[in-house]
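The lines below spell out each chain.
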Amino acid sequence: MPFRLLIPLGLLCALLPLHHGAPGPDGSAPDPAHYSFSLTLIDALDTLLILGNVSEFQRVVEVLQDNVDFDIDVNASVFETNIRVVGGLLSAHLLSKKAGVEVEAGWPCSGPLLRMAEEAARKLLPAFQTPTGMPYGTVNLLHGVNPGETPVTCTAGIGTFIVEFATLSSLTGDPVFEDVARVALMRLWESRSDIGLVGNHIDVLTGKWVAQDAGIGAGVDSYFEYLVKGAILLQDKKLMAMFLEYNKAIRNYTRFDDWYLWVQMYKGTVSMPVFQSLEAYWPGLQSLIGDIDNAMRTFLNYYTVWKQFGGLPEFYNIPQGYTVEKREGYPLRPELIESAMYLYRATGDPTLLELGRDAVESIEKISKVECGFATIKDLRDHKLDNRMESFFLAETVKYLYLLFDPTNFIHNNGSTFDAVITPYGECILGAGGYIFNTEAHPIDPAALHCCQRLKEEQWEVEDLMREFYSLKRNRSKFQKKTVSSGPWEPPARPGTLFSPENHDQARGRKPAKQKVPLLSCPSQPFTSKLALLGQVFLDSS
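Here, residues in each chain are numbered from 1, in the same order as that chain's written sequence. This being a predicted model, a pLDDT of at least 70 is required before a residue's local features are given, and a value of 80 or more before pairs of side-chain atoms are given or counted; all residues contribute to the totals for chains, interfaces and linings. Only heavy atoms go into the side-chain values, all of them from the structure, while hydrogens and water stay out.

Bringing the overall build of the chain into the picture now. Strands here are runs of E lasting at least two residues and helices are runs of H or I lasting at least four, both read from the DSSP assignment and numbered beginning at the N terminus. Along its length, the chain carries 17 helices and 21 strands. Counting only residues that meet the buried cut, the chain has 55% of its 541 residues in that class. Note on contacts: a residue pair is in contact if any heavy atoms of the two residues lie within 4.5 Å. Taking as baseline every contact in the chain between residues at least 6 positions apart, the subset at least 24 positions apart corresponds to 68%. Note on areas: Shrake-Rupley with a 1.4 Å probe; residue coverage comes only from the protein chains shown. For the chain, the exposed surface amounts to about 24,500 Å²; the carbon and sulfur share of it is 53%. For every residue, the accessible area obtained with a 1.4 Å probe (protein chains only) is divided by the maximum for its type, and the residue is called buried under 20%, exposed over 50%, and partly exposed between those limits.

Helix α7 (residues 162–172) sits mainly inside the fold: ten of its eleven residues count as buried. Of the positions making up α7, those classed as buried are Ile162, Val163, Glu164, Phe165, Ala166, Thr167, Leu168, Ser169, Ser170 and Leu171. Considering only its buried residues, α7 is in contact with α4 (78–95), α5 (112–124), α8 (176–190), α9 (221–234) and β21 (442–443). In the segment just after α7, Gly173 is the residue with positive phi, at about 85°.

UniProt positions are given in the numbering used here, feature names are shortened, and annotations may be inferred rather than shown by experiment. When the UniProt feature table is mapped onto this chain numbering, "active site" (unreviewed entry) sits at Glu80, Asp221, Glu314 and Glu335. For Glu80, the location among the structural elements is in helix α4. Following the sequence through the fold, Asp221 ends up in helix α9. Not counting the four nearest positions on each side in its chain, Asp221 is found in contact with Ala156, Ile216, Leu278 and Tyr281.

With respect to the helices and strands, the residue Leu312 is situated in the loop between α12 (292–309) and β12 (315–317). Spatially, the C-alpha atom of Leu312 lies 8.5 Å from that of Leu332, the residues being 20 residues apart in sequence. Those residues in contact with Leu312, other than ones at most four positions away along the chain, are Phe275, Ser277, Ala280, Tyr302, Val305, Trp306, Gly329, Tyr330, Leu336 and Leu379.

On to the state of the cysteines. By convention in this document, the label disulfide applies to cysteine sulfur atom pairs within 2.5 Å. Under the criterion given, the structure shown has two disulfides. Put simply, Cys109 and Cys451 are joined by a disulfide, and their sulfur atoms are 2.1 Å apart. The chirality of the disulfide connecting Cys109 with Cys451 is left-handed, given an S-S dihedral of about -95°. Separated by 342 residues along the polypeptide, Cys109 in the loop between α4 and α5 and Cys451 in the loop between β21 and α16 (455–480) bring together distant segments of the chain. Both residues of the pair, Cys109 and Cys451, belong to the buried class. Disulfide pairing is shown between Cys427 and Cys450; the S-S distance is 1.5 Å. Here the residue Cys427 occupies a position in strand β19 (residues 425–429), and Cys450 occupies one in the loop between β21 and α16, the gap between them amounting to 23 residues.

Structurally, the position occupied by Gly329 is in the loop between β13 (322–323) and α13 (335–347). The class for Gly329 is buried, based on a relative accessible area of 13%. Remark: the alpha-carbon pair of Gly329 and Asp385, spanning 56 residues in sequence, is separated by 9.2 Å. For Gly329, the contacting residues outside a window of four places in its chain are Leu312, Pro313, Glu314, Ile376, Lys377 and Asp378.

What follows is about the sheet that holds β13. With respect to topology, three strands assemble into an open sheet ordered β11-β12-β13, the strand pairing being antiparallel. Looking at which strands have only one partner, the edges of the open sheet turn out to be β11 (274–276) and β13. Any two strands are treated as partners once DSSP identifies two or more bridges connecting them. In the sheet, β11 pairs with β12 via three bridges, with the strands oriented antiparallel. What sits directly across from Val274, in β12, is Asn317.

Moving on, we come to the packing of α4 against α7. Only the stretch in contact is used when a helix axis is fitted, and all axes are lines through C-alpha atoms; the angle between N-to-C directions ranges over 0 to 180 degrees. Contact pair α4 / α7: the axes reach a minimum separation of 10 Å and the direction vectors enclose 40°. As the angle between them shows, α4 and α7 are arranged oblique. Between α4 and α7 lies a crossing of left-handed hand. Contacts from Asn82, Ile83, Val86, Gly87, Leu90, His93 and Leu94 in α4 reach Glu164, Phe165, Thr167, Leu168 and Leu171 in α7. Class assignment for the residues of the contact of α4 with α7 results in seven nonpolar, four polar and one charged. Angles are sorted into four bins: roughly parallel if under 35 degrees, roughly antiparallel if over 145, roughly perpendicular if 65 to 115, and oblique for all others. The hand of a helix crossing depends on one turn: near helix anticlockwise from the far one by less than a right angle means left-handed, and clockwise means right-handed. Each residue receives one of three labels: charged for Asp, Glu, Lys and Arg, nonpolar for Ala, Val, Leu, Ile, Met, Phe, Trp, Tyr, Cys and Pro, and polar for the others, Gly being one of them.

Another point: the confidence of the model for the chain. The predictor reports its confidence for every residue as pLDDT, a score running from 0 up to 100. Of the residues in the chain, 77% have a pLDDT of 70 or more, and the chain-wide mean is 84. In this model, residues 14–37 is a region of pLDDT below 50 whose contacts with residues beyond four sequence positions or in other chains number 48 contacts. Scored below 50 in pLDDT, residues 478–541 makes 68 contacts in the model with residues more than four places away or belonging to other chains.

Okay, the pattern of salt bridges next. Between side chains of opposite charge, pairing is possible as soon as their charged atoms come close. A carboxyl oxygen of Asp or Glu within 4 Å of a side-chain nitrogen of Lys or Arg is what we treat as a salt bridge. The full count for this structure, using the stated rule, is 21 salt bridges. Between Arg59 and Glu56 there is a salt bridge; the shortest N-O distance is 2.8 Å. With a gap of three residues between them, Arg59 and Glu56 both fall in helix α3 (residues 54–67), about one helical turn apart. Exposure remark for Arg59: the relative accessible area of 31% places this residue in the partly exposed category. Of the charged contacts, one joins Arg357 and Asp358 as a salt bridge, the two residues approaching to 3.3 Å between their closest N and O atoms. On the basis of relative accessible area, Asp358 is assigned to the buried category, the value being 15%. Several salt bridges share partner residues, and in doing so they unite Glu80, Arg84 and Glu439 into one network.

Orientation of α7 relative to α8, taken along the N-to-C sense of each, is 155°, at an axis distance of 7 Å. The angle between α7 and α8 places the two elements in the roughly antiparallel class. The interaxial crossing formed by α7 with α8 has left-handed handedness. Mapping the contact onto sequence places Ile162, Phe165, Ala166, Leu168, Ser169 and Thr172 in α7 and Val176, Phe177, Glu178, Val180, Ala181, Arg182 and Leu185 in α8. Taken together, the residues of the contact of α7 with α8 sort by class into nine nonpolar, two polar and two charged.

As paired elements, strand β18 (residues 418–422) and β19 share five bridges and run antiparallel to each other. By the bridge assignment for β19, Thr422 is matched with Gly425.

Below, the discussion takes up α9. Here α9 is 14 residues long and its end C-alpha atoms lie 20 Å apart, about the 20 Å a rise of 1.5 Å per residue gives. Counting buried residues in α9 gives 14 out of 14 residues, a clear majority hidden from the surface. Downstream of α9 by a residue or two, Gln235 has a phi angle that is positive, lying close to 50°. Helix span, expected: 1.5 Å multiplied by one less than the number of residues in the helix.

Encoded structure:
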């Protein structure tokens, strides 16, 4: 397919000028809203690997290590920094070994990209210091939250952290990231209306809704997405139960003929009979919970809009069947292609490949320019805007490629994997089941179990080893009448004297009485189950 040849060239052309401090593709100065560091490089990094451009992935990793600095006096979107920068760095970190990057000892529990992700995430933590635990929308990367910062934040800007922050906590061992993400999710859940809906903007200081339109699109979308993906990633029943409750309310009050409208969150009355292009992620999300029939019906509605214009306008008036004034553009968003990829993996329906073909032809014909792919300013006459969004490289290209590449490593069904030795034991990576964050950065769910082991479990193993060696020593005494060298102990650090007593104290627990360990195979809890091939299997117990 020609697109496979054009995209890598477009990627290189678009990425090469964007090293630190360089002008953008149009020759303009770096946009301070992007923090003066290479946002596009970070956002597109894992796309390079998925497309097979290993050498460029390696080069960009070196560029980022040499140039990225988060200690800058810039106001940054908490939401965008998380999904693009933290998510992009985490994904690239976990894919580094596959890309042939020489990883340091202790990977994936350590590494330069992981440290960069942690540094970026720590810059966002001051935003969560509110009475409600819901974050401000903007933070200064050097000084924290500005004194005059508005407390009004969109719902998605509050509920779109659990994927990246839980991954970061698991890899670094610092629970603060997952903790603040969970608090924010719970505050939104507790703020829903009596009919089970949430609005799209809330005051994070008072917890009062400022904008009370409820729907699945802009300002709300990734909150619902992260309840599902967080549930899969963390195998968390509570998050899935929350989404399923929302799903009931969404069906009851916002769905009409397989379209989803905007309604008043307290009354359920229609406020905007429009389809937003951002809503096109919904069929893909439905496929993740196994609701394939409803997903396909809604997808086909959205596909008719695509065929009408050669793309999805930002707003589409459903009763009138046409674009909404001043919302006629298409910035090459990925959401409908994303849903096509998920649904094709679930069904194999060739209609979904037709959408992919139409997308390839539209993008090549309408938006291809000398050095990239331009935003379509108006779908009615196909006028172009002089910009290319980073999500085109991070998401649209990636989902299109994965739609047509069934053998890509992202689609691994567990038949192959890599065994990695970490400081915590052997770890299995690359077996599949990747969870995409809302910017299409894939996270390997197995990695969350590589860098943590409950201390209680470690102590049990050590006690078991002591018991084993103690019995062996006694048996040796009895049989050979010789003096044993003593029970096994973990190795002491250089310059320290080791004993069971100071070992227990160093780990922060009191010396316990020796117990006879019971050897058994525990039943598999919900938290250890995996999602297979993108499907969530709810526990029936």
